[in-house]
Amino acid sequence: MISIKRRTLVVLLLVAAALGAGAVTWGTETADVGKPFRVLPAGMQARVIPAALPGPSGSFAQVAETVAPAVININTVTRGALGRTPIEEFFGEEFFRRFFGEAPEREQQQRSLGSGVIVDPSGIALTNAHVVERATDIEAVTADGKKHKAKLIGVDRRTDLAVLRLQGGGPYPAASLGDSDKIKVGDWVLAIGSPFGLQQTVTAGIISAKGRSLGGGPFDDFLQTDAAINPGNSGGPLVNMSGEVVGINSAILSRSGGNVGIGFSIPANMARRIYTELVAKGKVTRGWLGVSIQPLTPELAKSFGLREAKGVLISDVVQDSPAEKAGIAAGDIITDFDTKKVDNPQDLQKVVALTPPGKGVPVTVWRDKTHKTMEIKIGDTPDDTVALKSNTRGKNMLGLDVRPITPDVARQLNLRGTEGVVVVRVEEDGAAAEAGLQRGDVIREVNRQRVRSMQDFERATRDLKEGDRVTLLLQRGSQALYVAFTVARG
């Protein structure tokens, strides 16, 4: 019989030998030491793997000390004429002229607080367009508490970016713009700025998501973070653990107006391109096709003979635009642009905008149930919006009523001509209503057949029967769009 002490020693030796062998076996599961465990038998406890917190070489404190000197607090003043007081409203300006010689003249001053980050020692700083675009005076307060007048170099409202230049006192501490494409979901980041006017506030979090769209336009491509961002942080930097600016804080999602852990930053790579162009040329140039586009729904994809709803449907083409000159037509579906797949309108808008004007690129479209590739020379986006040039019937198989477009109707709908038919009633719960047709829509095409009059419409729809697929090209205000649905029983 083995004594208690000897038995304990034997057990310890066996355990040590097992650990030394580099593997621990429980039941049928074996896990290599130093590697993550798989599923463990019931009753066993997995080891705890520490989170990858920033180390001494990239601590929160070290990053904050590196970047904070380049972060500025922005004060703006907007001056404008004040409205009249109740006394003035009652007595009128003549009263003041009679007794005081002139009507009162005053100015209102509306101050706002925001943040920014200096990215060039000469004093060039980035911030948000919404922080400074209406300001008549801009003041930047640096980390050392000094106040500097700032000049607005340029604004790009589409990306909500603005570039300032601090006046005098340089050189300034400047932060480096990093490669925002390399940042990963889960990476640690710091947000530095002046929330509620509290200068040099640092908060920490992670990258929660990339490529977020907030519905503000085709250039939405935000980094999402749970680092605390509040009013006043706008324009401040989002910084990685290498001390590089990877984003410009721009927006929060909140019902209360305060931080709830959902903030959004403009990627540094986009900011770099915008700021470079604004400094060099005072404006941002973007590629332009000259088309109206819409998403390709499964119903529309089937109606055009595509198996998958991947691509962008062209609903109208601007006269004399690059697209028209290259032969793009309404009803084409763009599937590839410059050898890149485009699955939705945002994909296309981004790649077109980033293409230098004047560059020729191959574009592949789906037309008449086959792919066709053509070369398009990209144009420069116009500064102003370019305008697109473009008897009674009872209920029919489409579940809607239409009327001819008279000159009076054309004037009421602000149409350029009387071609097409106007929808005057849509049957509730009908196929047309489910497809999104509305009263006032103008039907331009039925199954790719042009509709100029009631006769054209009747000719295009008279042979439709239950179960047939129909595709309509509509004009809704200034927008052209396609809808597709299956004809139901009339």
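For the structure itself, consult the block above.
Computed from a predicted structure; not experimentally measured.

Draft legend 1. A look at the side chain of T335. Summarising the element assignment, T335 is placed in strand β19 (residues 333–337). For T335, a relative accessible area of 9% corresponds to the buried category. Beyond its immediate chain neighbours, meaning those up to four positions away, T335 contacts K310, K340, K341, V342, T364 and H371.

Draft legend 2. Fine view of the nonpolar core. Residues V117, L126 and I248 are the most contacted members of the largest nonpolar core, which totals 41 residues. Those residues in contact with L126 that lie beyond four places of it in its chain are G116, V117, V119, A162, V163, L177, G235, I248, A271 and Y275. Counting 23 residues, the second-largest nonpolar core is a separate cluster that includes V421, V426, L437 and V446.

Draft legend 3. Structural detail: the environment of V470. If you trace the backbone, V470 turns up in strand β28 (residues 469–476). As a C-alpha pair, V470 and R448 span 22 residues in sequence and 9.4 Å in three-dimensional space. With residues near it in sequence (within four places) discarded, V470 still touches L398, V446, N447, L464, V483, A484, F485 and V487.

Draft legend 4. Local environment of the pairing of strand β17 (residues 291–295). Every second residue of β17 is oriented toward a common face, the buried set being S292 and Q294 and the non-buried set V291, I293 and P295. As paired strands, β17 and strand β18 (residues 312–317) are joined by five bridges and run antiparallel to one another. Bridge pairing links P295 to V312 in β18.

Draft legend 5. Quick look at helix α6 (residues 268–281). With 14 residues, α6 extends 20 Å between its outermost C-alpha atoms, agreeing within 8% with the 20 Å of an ideal straight helix rising 1.5 Å per residue. Buried within α6 are the following residues: A268, A271, I274, Y275, E277 and L278. Looking one or two residues beyond α6, the residue adopting positive phi is G282, at roughly 80°.

Draft legend 6. Quick peek at the pattern of salt bridges. Counting across every chain of the model gives 16 salt bridges. Where E445 meets R448, a salt bridge forms, and the shortest distance between an N and an O atom there is 3.6 Å. Given the relative accessible area of 14%, E445 is considered buried. R448 sits in the partly exposed class, given a relative accessible area of 41%. Note that R459 is salt-bridged to D456, the shortest N-O span being 2.9 Å. Residue R459 and its partner D456 are both found in helix α12 (residues 454–461); the two are separated by three residues, about one turn of the helix. For R459, a relative accessible area of 45% translates into the label partly exposed.

Draft legend 7. View of the packing of aromatic side chains. On inspection of all chains with the given rule, the structure shows three aromatic pairs. With a centroid separation of 6.2 Å and 65° between ring planes, the pair formed by F222 and F264 is classed as edge-to-face. Residue F222 is located in strand β12 (residues 222–225), and its partner F264 is located in strand β15 (residues 263–267); the two are separated by 42 residues in the primary sequence. Residues F222 and F264 agree in their burial class; the two are buried.

Definitions and cut-offs
- Residues numbered from 1 in each chain as written.
- Predicted model: local features only at pLDDT ≥ 70, side-chain atom pairs only at ≥ 80, totals over all residues.
- Heavy atoms only, no water.
- Helix = DSSP H or I, 4+ residues; strand = E, 2+ residues; numbered from the N terminus.
- Buried < 20%, exposed > 50% of the residue type's maximum accessible area, 1.4 Å probe, protein only.
- Contact = heavy atoms within 4.5 Å.
- Core = buried A, V, L, I, M, F, W, Y, C linked by side-chain atoms within 4.5 Å.
- Pairing = 2+ DSSP bridges.
- Expected span 1.5 Å × (residues − 1).
- Salt bridge = Lys/Arg side-chain N within 4 Å of Asp/Glu carboxyl O.
- Phe/Tyr/Trp six-rings, centres within 6.5 Å; stacked < 30°, edge-to-face > 60°.

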